[in-house]
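An overview of the molecular structure
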Amino acid sequence: MTAVEDMQPGDDGQVHLRLYVAGQTPKSLAAIANLKRLCEEHLSGRYSIEVVDLQVTPQLAAGDQIVAVPTLIRRLPPPLRRVIGDLSNAERVLVGLDMIPRSSTP
Amino acid sequence: MRADEDTGDKLPSREQLEERLREAEETLDAIRRGEVDAVVVHHPDGERIYTLESADRPYRVLVEHMQEGAVTLTSDGVILYCNRRFAALLGLTRESMIGRSVIPYLERADARVMTELLSGGADAGAGRAAEVTLHRTDGHAIPVTLSAVDLPFEADLPRIICIIATDLTHARQRSHELAATNEQLAAEMVERRSAEDRLAVALDAAGMGSWDIDLEQGSVTISRQAEVILGLAEAGSAARTPDSLLHPFLAHEQAEVKAAFDLAMTTGVLDFERRVRSPSEESARRWVHVIGRTYHRDGLPARLVGVVADVTERRLMETQLRQAQKMEAVGQLTGGIAHDFNNLLMVIGGSLDVLESSIPGENARAQRFFAAAKSGVERGASLNQQLLAFSRRQDLQAQPVCVDDLLRAFATLLSRALGETVSLELPQPAQRWYCRSDPHQLETAILNLAINARDAMPHGGRLTIMTALTTLTPREALAVDAEAGSYVVVRVRDSGTGMTPETAARIFDPFFTTKAMGKGTGLGLSQVYGFVRQSGGFVNVTSEMGQGTTIDLCLPYTDEVAAASPVTQAPTAAGDGRVLVVDDDINVREVSVAMLSALGYTTVEAGDAVEALGILAQRSDIHVIFSDVIMPGEINGLDLARYVRANYANVAVVLASGYTAQQRDDKGTPSDVELLRKPYSRAALAAALTRARAAQA
């Protein structure tokens, strides 16, 4: 099921993503690697990723109301979407980011 | 919409609440699934991040595997943690180190450094570094760099200091290797410099200087010795250009020197001799020999390197040698001619002697022509004598001679020869030196010089003859082709017109004369030269136009003192007895036979020594053998004389020769053998025969 056509891109067609990590924790490292791979597969040339290390700047956690790390936020296009975890389940990530429709049974 | 969340008191919509619930559920799911390893706790004074168990593993792996030692210490140096590498540096296990002080693992002197590092000083929090030496358990000392930083913790917790230790052993080792390499390089440079020094010494010993033209840079390196040889002022290396090397050469030859250098770029070799201006004396010019080679880089001439030597002395010696060789060659030729000429004179003179008795006394006209013919023979003989003297083949009667005694004995004769306008001065010498020479020939030589000097002073002047003693070193002797040792110098100086160098170079050549045709034979100075050379001496000529001429006759010094030997003049006496005449020239033999017959002797003839020995063996009535010295065949006259003297005690020997000196020099003439110089008169022959027979009796 390919649902790229269902996606709602931003005004300029770009997808802006922000990933919150906590230093080099294994899940943080895994999340960065997984996100990079997913974007290359599904959003090649149309995305940008911003990685926020909360070990360095913990105060940034308040803005997006982060409670668990790693957390991925879709900043653009609106609405804001978030996916919690190491992003190892590609389908769940794509659903979470509204890139494919939510199935009836999660 | 979540975006409406902050817009005021408006209650969230149902969708928004459902969305939040879903997010909360997803978060819980993620945590439950273990996809999350850190949580953010919102604190009144800010957010705190708490990582879950084993979340710091990547850091651990990094720290445990890095090649630097890592250690965490309390501010008083107690080890809280260290990585494997730090333990390995000390040769210990981590377990044995945790909880112990780090200080004992350090070199004693470094304890204070560590204390300062731990205290942090004013800059607590900032990075600090120091170099210390760690003590391994096996006794090795490990140099390390320590960089320390305080671990930022809450203020109520004790201070923790993190230190990274970098092993400097390899770096040190490398710098030692570098130092060793440097040292080796320095040693090689010293070696090379000493090789250069040795080369410089060798060049110096050879009297050579070195030069090196860098054609690419246009610069010149030149040794001090080369500067001296070329007459260049000391200028250091910076100031020289290749063109500056041309300046010492004579102005009109510089273009040719430059051409030689240019040609060397193509041919690769440079080799020429040219004159340079002497820096000390404006007029003096020295000869230099320049040898070089071109070195190429990428097919283009890059360097021209070579040596330069002062060859003035060598060229002078070469000139002298060439002169000596020329004189030798001319002497050979002259001697050969004189020998044959002697035989001719012998035949003419001898025939005239024989014919004399048959001229009627009353025929005055015949007598007059006869006398003229005899006078011609005598003049020919005397000319021949000078030729022989020049060719060093005259018969020298060498004996110790005191030149001053000789000079004073014939001063009157000299004065008369010089004439009234020339005064003769004979300064008293410091000592009476003896030289080995033939006194009669020496007189003739001095007389020849005096006459020459007189002719150089047409308006009068002064002739000074003095003696001195000089000693030649082997090197000086080589230059004049003589033996090293002491020489008596007979200096003949006139105040005359002097000579040009061209004339001075030729004055000893036979028949060279500057006098008007018929005024001189051109043989006077040739006699002087030949005689002195034959005596083992040499002649020096110094002359300058308008300054007069000085001629030094240098004769070998001897410490023997002369034993005055009176020349006995035997009267012409009628002879009797049988003479064996040996001569290969039938004309000479016939004349000799005629003369002997006229003297009253009976004769037997032989054409060579072998025939003569045959006759001697057969006949016992031979009283005298009269033989020529030079004859073809294996046995010459001297050999014959020696054989006869040894085997026939009662046979006297008289030898006759055109030139005899060389043969006498070889083995010597038996003392009781009479030697007769050709051409000889009947009277001389008679006297020789009488003396020989008297010695025999």
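Structural data are supplied above this passage.
Residues numbered from 1 in each chain as written. Chains lettered and ligands numbered in written order. Predicted model: local features only at pLDDT ≥ 70, side-chain atom pairs only at ≥ 80, totals over all residues. Heavy atoms only, no water.

1. Some remarks on empty space enclosed by the protein
All names here are of chain B. With the rule as written, the count across this model stands at 6 cavities of 30 Å³ or more. Taken as a whole, the largest cavity encloses approximately 60 Å³ of empty space. Lining the largest cavity are Trp211, Ile222, Leu230, Leu245, Phe249, Phe261, Val290 and Val308. The class makeup of the residues in the lining of the largest cavity is 8 nonpolar, no polar and no charged. (1 Å grid on protein atoms, 1.4 Å probe; cavity = no way out; pocket = protein on both sides within 12 Å on 5 of 7 lines; lining within 4 Å. Points joined across faces, edges and corners; volume = space filled by probe spheres on them. Nonpolar A, V, L, I, M, F, W, Y, C, P; charged D, E, K, R; others polar.)

2. Some thoughts on helix H1 (residues 26-42) of chain A
Side chains of residues three or four places apart in an α-helix project in the same direction, reflecting 3.6 residues per turn. All names here are of chain A. Over its 17 residues, H1 runs 24 Å from end to end, which matches the ideal 24 Å to within 8%, given 1.5 Å per residue. Of all the positions in H1, only Ser28, Ala31, Asn34, Leu35, Leu38 and Cys39 are classed as buried. The arc that holds the buried residues of H1, viewed along the axis, is 130°, so those residues lie on one side. Against the buried residues of H1 lie strand E1 (15-21), strand E2 (47-53), strand E3 (68-69), strand E4 (71-76) and helix H2 (90-96). (Helix = DSSP H or I, 4+ residues; strand = E, 2+ residues; numbered from the N terminus. Expected span 1.5 Å × (residues − 1). Buried < 20%, exposed > 50% of the residue type's maximum accessible area, 1.4 Å probe, protein only. Arc of directions from axis to C-beta. Contact = heavy atoms within 4.5 Å.)

3. Considering the sheet that holds strand E4 (residues 79-82) of chain B
All names here are of chain B. Reading across the sheet, the 5 strands line up as E4-E3-E7-E6-E5 and stay open at both edges, with antiparallel pairing between neighbours. Taken across any chain shown, the strands that pair with only one partner, and hence form the sheet edges, are E4 and strand E5 (128-135). On average, each strand axis in the sheet is tilted by 30° relative to the strand beside it, whichever way the strands run. Taken together, the 3 bridges between strand E3 (residues 69-74) and E4 define a ladder with antiparallel strand orientation. Within E4, the position partnered with leucine 73 by the bridge is isoleucine 79. (Pairing = 2+ DSSP bridges. Axes fitted to C-alpha atoms, helices over the stretch in contact; angles between N-to-C directions.)

4. Re the interface of chain A and chain B
Taken together, the contact between chain A and chain B spans 31 residues of the former and 27 residues of the latter. Both sides of the chain A and chain B interface together cover about 2300 Å² of buried area, and 54% of this is carbon and sulfur. Here chain A is connected to chain B by 3 salt bridges. Counting every contact that joins chain A to chain B gives 10 residue pairs in polar contact (both at pLDDT 80 or more). If you list the elements that add at least two residues to the side of chain A that touches chain B, you get H1, E3 and strand E5 (81-84) of chain A. Top element by residues in the side of chain A that touches chain B is H1 of chain A. It accounts for 4 residues. Along the lines of polarity and charge, the residues of the side of chain A that touches chain B split into 16 nonpolar, 9 polar and 6 charged. Here 2 bridges tie E3 of chain A to strand E1 (residues 38-43) of chain B, and the two strands are oriented antiparallel to one another. Residue pairing for E1 of chain B: alanine 68 of chain A is matched across the bridge by valine 39 of chain B. (Buried area = accessible area lost by both parts, 1.4 Å probe. Salt bridge = Lys/Arg side-chain N within 4 Å of Asp/Glu carboxyl O. Polar contact = N/O pair within 3.5 Å; in protein donor to acceptor, adjacent residues only side chain to side chain.)

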